[in-house]
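Structural overview for review
This is what each chain is made of:
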Amino acid sequence: FTRLALPLFFALSGFLVAGSLQRNSNVRQFLWLRIIRIYPALIFDTAVCALVLGPLLTTLPWREYFQSRPFLAYALNSVGLIHYYLPGVFETNPISKVNAQLWTIPVELQCYLVLGCLALLGLARKPRVFTGVIIAACFLFGTWHFLIAAPGMVRFLVPENVLVLCFLAGVALYFCRERLTFSKGAFVVATAAFVASVVVHALVYFSPIPAAYVTCYLGCLNPRPISFIKRFDVSYGLFLYGYPVQQTVVWMAGGTLSWYGNIAWALPITFLLACVSLFLVERPVQARLKSWSLAGIA
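Procedures and definitions
Residues numbered from 1 in each chain as written. Predicted model: local features only at pLDDT ≥ 70, side-chain atom pairs only at ≥ 80, totals over all residues. Heavy atoms only, no water. Helix = DSSP H or I, 4+ residues; strand = E, 2+ residues; numbered from the N terminus. Rg over C-alpha atoms; globule rule 2.2 N^0.38 Å. Areas by Shrake-Rupley, 256 points an atom, 1.4 Å probe, with all protein chains shown as cover. Lys, Arg positive; Asp, Glu negative; His and termini not counted. Charge placed at Lys NZ, Arg CZ, Asp CG, Glu CD. Salt bridge = Lys/Arg side-chain N within 4 Å of Asp/Glu carboxyl O. Buried < 20%, exposed > 50% of the residue type's maximum accessible area, 1.4 Å probe, protein only. Expected span 1.5 Å × (residues − 1). Contact = heavy atoms within 4.5 Å. Phe/Tyr/Trp six-rings, centres within 6.5 Å; stacked < 30°, edge-to-face > 60°. 1 Å grid on protein atoms, 1.4 Å probe; cavity = no way out; pocket = protein on both sides within 12 Å on 5 of 7 lines; lining within 4 Å. Points joined across faces, edges and corners; volume = space filled by probe spheres on them. Nonpolar A, V, L, I, M, F, W, Y, C, P; charged D, E, K, R; others polar. Axes fitted to C-alpha atoms, helices over the stretch in contact; angles between N-to-C directions. Parallel < 35°, antiparallel > 145°, perpendicular 65-115°, else oblique. Left-handed = near helix turned anticlockwise from the far one by under 90°.

Scanning the protein chain from terminus to terminus reveals 12 helices and 0 strands. Along the protein chain, helices and strands appear, N-terminal first, in the series α-α-α-α-α-α-α-α-α-α-α-α. A compact globule built from 298 residues would reach a C-alpha radius of gyration of about 19 Å, and the protein chain, at 21 Å, matches this within 12%. By its C-alpha atoms, the protein chain is 60 × 55 × 40 Å across when sized along the principal axes. If you sum the accessible surface of the protein chain, you get close to 16200 Å²; carbon and sulfur atoms cover 70% of it. Positive and negative side-chain charges of the protein chain, numbering 21 and 8 respectively, have mean locations separated by a distance of 13 Å.

Here's what the structure looks like:
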């Protein structure tokens, strides 16, 4: 499931971010808006885990905890250099990572950086050229990978470079969305090609284009927007706090809780933390920093 979901997620991210790029033709302002979307909540999450969760759950004396190298390294999460462990925390859990989900943050930042570079080259104003470059990149990387991939080689996760290409493919389809034809037949073919290219590791670099088409087709079904979801977009907070909260529930239950019991306890707590992040951190800080960007970045 993870191998299928991740390419679709990054293709969707590229499709959505492309709209922001078109609305902000200044590349510096575009990158600044991406930064203030990610970092305020990430910094707050890092502080909560390191300064609240860690001291409460660590098996070490507080003085040793705060002076340890893993604690100091964990602070680097706030700038996107991800570390997964806090000293003495979750040592009895099957997995002792505090926030394994954060591995996607550096990949997302890499996507923004690559897109910013392509925009600086003027490709964002040339949709056909941009799309041609991405298709060519997928073909070249795909051919090279197909030739060197070991027969029968299997990987649990999709390579990070493929996820970046999925992101860029989503951007390309956004740029060309008015010229594309979305049909059920093409959707079925794209879905089959996507699943096959992701399941067969030697073909994984050919997955970005069909992944983007599948994502865009589903998005273009245009379901009626739900006002509650639009007002309370806590998706980023759920992403940040879901794993630490579930790890805490596992620790408190001593590993005896079922997966559905874990979700039943973790989901409302995570939702509450995500709301705190949205209303007390993300929106206020972004509003302030966005006004700075409009005033100071031309």
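With that settled, the discussion passes to the pattern of salt bridges. Summed over the entire model, instances satisfying the criterion amount to 1 salt bridge. E282 is paired through a salt bridge with R37; the nearest N and O atoms lie 3.4 Å apart. Of this pair, E282 sits in helix α12 (residues 259–296) while R37 sits in helix α2 (residues 27–57), and the two are 245 residues apart along the sequence. Taking relative accessible area as the criterion, E282 reaches 3% and is therefore assigned buried.

What follows is about helix α9 (residues 208–219). The α-helix advances 3.6 residues per turn, and as a result positions three or four apart in sequence lie on the same side. A rise of 1.5 Å per residue sets the reference length of α9, with its 12 residues, at 16 Å; its end C-alpha atoms lie 16 Å apart and thus fit the reference within 8%. Burial analysis of α9 places 9 of its 12 residues in the buried class, the great majority of the element. The complete set of buried residues in α9 reads P208, P210, A211, A212, Y213, V214, T215, C216 and Y217. Next to the buried residues of α9 lie α1 (2–23), α6 (127–148), α7 (160–175) and α8 (184–199).

Aromatic ring pairs are reported here in terms of the distance separating the ring centres and the angle at which the planes meet. Evaluated as defined, the whole model comprises 13 aromatic pairs. Here F15 and Y174 contribute two aromatic rings whose centre-to-centre distance is 5.1 Å and whose plane-to-plane angle is 80 degrees, an arrangement assigned as edge-to-face. Taken as a pair, F15 in helix α1 and Y174 in helix α7 lie far apart in primary sequence, 159 residues in all. A centroid spacing of 5.0 Å and a plane angle of 80 degrees characterise the contact between Y65 and F66, whose relative ring orientation is edge-to-face. On the basis of relative accessible area, Y65 is assigned to the buried category, the value being 0%.

A few words now on the side chain of T46. Checked against the element boundaries, T46 lands in helix α2. Each residue touching T46, except ones within four places of it in the same chain, is listed here: Y74, A75, N77 and S78.

Turning our eyes to something else, we now look at the layout of surface pockets. Looking at the second largest pocket, its volume works out to about 330 Å³. If you trace the second largest pocket, you find 17 residues lining it, with V245, T248, V249, M252 and I269 closest to the centre. Per element, the largest residue contribution to the lining of the second largest pocket is 7 residues, and it comes from helix α11 (residues 235–253). The residue makeup of the lining of the second largest pocket, split by class, is 16 nonpolar, 1 polar and no charged.

Where helix α5 (residues 104–120) contacts α7, the two axes come as close as 10 Å, and the packing angle between them is 50 degrees. Regarding the angle of α5 to α7, the classification is oblique. In this structure, the crossing between α5 and α7 has a hand that is right-handed. When α5 is examined against α7, the residues V107, E108, Q110, C111, Y112, V114, L115 and L118 are found in contact with a partner set consisting of E160, N161, L163, V164, F167, L168 and V171. Its residues placed into classes, the contact of α5 with α7 shows 11 nonpolar, 2 polar and 2 charged.

Attention now goes to the side chain of S20. Structurally, S20 is set in helix α1. The residues contacting S20, other than those within four sequence positions of it, are F30 and R34.

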